[in-house]
Amino acid sequence: MADTDLVHDAPPDHSRAAHRALGFCSACPGRELWEEAHGWRTRENEQHGSADSPDRVPHPSREAEAHHGRR
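## Considerations on the pattern of salt bridges
Pairing is possible between side chains of opposite charge, provided their charged atoms come close.
Logical step 1: Enumeration over the complete set of coordinates arrives at 2 salt bridges.
Logical step 2: A salt bridge links arginine 31 to glutamate 35, with the nearest nitrogen and oxygen atoms 3.9 Å apart.
Logical step 3: Between arginine 43 and glutamate 44 there is a salt bridge whose closest N-O contact spans 3.7 Å.
Logical step 4: Relative accessible area serves as the criterion here: at 27%, arginine 43 is assigned to the partly exposed category.

Spelled out as structure tokens, the structure:
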């Protein structure tokens, strides 16, 4: 969807940010929360050039391990 096609306003009680970025939000009829979350993740991955890499890390980072006292 081209940026010019996106809705820059949203109905009452809907997410303006999601409508602006994705064209829908989880409050839209027929949409669920997971669809909005997936939309945000996909958008962020595309913007950072990591659309081909998995969304989840294969193992904890060194920082996380140190924070939890495991390293």
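## Notes on helix H2 (residues 33–47)
Logical step 1: When the terminal C-alpha atoms of H2 are compared, their 21 Å separation across 15 residues agrees well with the 21 Å that a helix rising 1.5 Å per residue should span.
Logical step 2: Residues Glu36, Gly39 and Asn45 constitute the buried set of H2.
Logical step 3: Positive phi appears at glycine 49, one or two residues downstream of H2, with a value of about 65 degrees.

## A word on the environment of glycine 39
Logical step 1: Residue position: glycine 39 is located in helix H2.
Logical step 2: Separated by 18 residues in the primary sequence, glycine 39 and alanine 21 have C-alpha atoms spaced 8.9 Å apart.

What counts as what
Residues numbered from 1 in each chain as written. Predicted model: local features only at pLDDT ≥ 70, side-chain atom pairs only at ≥ 80, totals over all residues. Heavy atoms only, no water. Salt bridge = Lys/Arg side-chain N within 4 Å of Asp/Glu carboxyl O. Buried < 20%, exposed > 50% of the residue type's maximum accessible area, 1.4 Å probe, protein only. Helix = DSSP H or I, 4+ residues; strand = E, 2+ residues; numbered from the N terminus. Expected span 1.5 Å × (residues − 1).

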